[in-house]
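Next come the chains, spelled out residue by residue.
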Amino acid sequence: MDLRASLERKKFGLAVKRILDILFSAAGLILLSPFFVCVAVAVKRDSKGPVFFKQTRVGKDGAPFSILKFRTMTVHEGGSELTVGADNRITKTGAWLRKYKLDEFPQLVNVLKGEMSLVGPRPEVPRYVAYYREEERGVLLMRPGITEEASILFRNESDELGKAPDPERYYVEEIMPKKLAIGLEYVRHWSLARDAKILWKTFVRVFVK
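Scoring rules and cut-offs
- Residues numbered from 1 in each chain as written.
- Predicted model: local features only at pLDDT ≥ 70, side-chain atom pairs only at ≥ 80, totals over all residues.
- Heavy atoms only, no water.
- Helix = DSSP H or I, 4+ residues; strand = E, 2+ residues; numbered from the N terminus.
- Buried < 20%, exposed > 50% of the residue type's maximum accessible area, 1.4 Å probe, protein only.
- Salt bridge = Lys/Arg side-chain N within 4 Å of Asp/Glu carboxyl O.

Peer 1: Explain unusual backbone geometry to me, using residue names and the numbers behind them.
Peer 2: Keep in mind that most residues, glycine aside, have a negative phi and that most peptide bonds are trans. Residue Asp-61 is not a glycine yet carries a positive backbone phi of 60°. With respect to the secondary-structure elements, Asp-61 resides in the loop between strand E1 (52-58) and strand E2 (64-70). For Lys-101, which is not a glycine, the phi torsion comes out positive at approximately 60°. Locating Lys-101 in the fold gives a position in the loop between helix H4 (92-99) and helix H5 (107-113). Relative accessible area serves as the criterion here: at 30%, Lys-101 is assigned to the partly exposed category.

What follows is the structure, encoded as structure tokens:
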């Protein structure tokens, strides 16, 4: 059975997933609003530029959308779309936000809008999606997520890229295929219980270990 047919059989569960996304993202945005204000002040005081960073990513069924994050880098034109090692563009506040993945919290807005889910394959920029093989495009059958199993496994991805002679080539040829394989396995065997397990593992990995 192909991935699309498999997901069709899970239509009810996916509807429940969307309802939970709406409830939890709305509650999260309300509860975290004081924290958002504090982070906004810290980001503005640390360096010139907007509070939020927006970037085009590829979502469900290949539809582009603007992902939202707290800005963690200085603002300037050009530069790699990959964060490699101790990137000198990262601000002091940005380093702290990245350490605990707090820069990702504004994506609750993307979840509420229906562009993302709490859990799902992480969305890529169009440039790298162009490298996907036909089978790998199966990850685009579901809404991309704020977290996934590959994000937990490659939590220190930038450090790994920093050791590579050609970071972009290493990402495209070594890291991205592994992340896509994990994403495809997630889509193939998706369940609400699996989402709950990934959310718990993310919390433990980021805030406990």
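Next comes the rest of the account.
Peer 1: Tell me about the pattern of salt bridges, residues and numbers included.
Peer 2: Under the counting rule described, the total for this entry stands at twelve salt bridges. A salt bridge links Lys-17 to Asp-195, with the nearest nitrogen and oxygen atoms 2.6 Å apart. Taken as a pair, Lys-17 in helix H2 (residues 11-31) and Asp-195 in helix H10 (residues 192-208) lie far apart in primary sequence, 178 residues in all. A residue is classified by how much of its surface remains accessible, and Lys-17, at 7% relative accessible area, is buried. Across the pair Glu-104 and Lys-69 runs a salt bridge whose closest N-O atoms are separated by 3.7 Å. Residue Glu-104 is located in the loop between H4 and H5, and its partner Lys-69 is located in strand E2; the two are separated by 35 residues in the primary sequence. Residue class for Glu-104 comes out buried when judged on its relative accessible area of 12%. Each member of the salt-bridge network shares a partner with another, and the members are Lys-69, Glu-104 and Arg-122.

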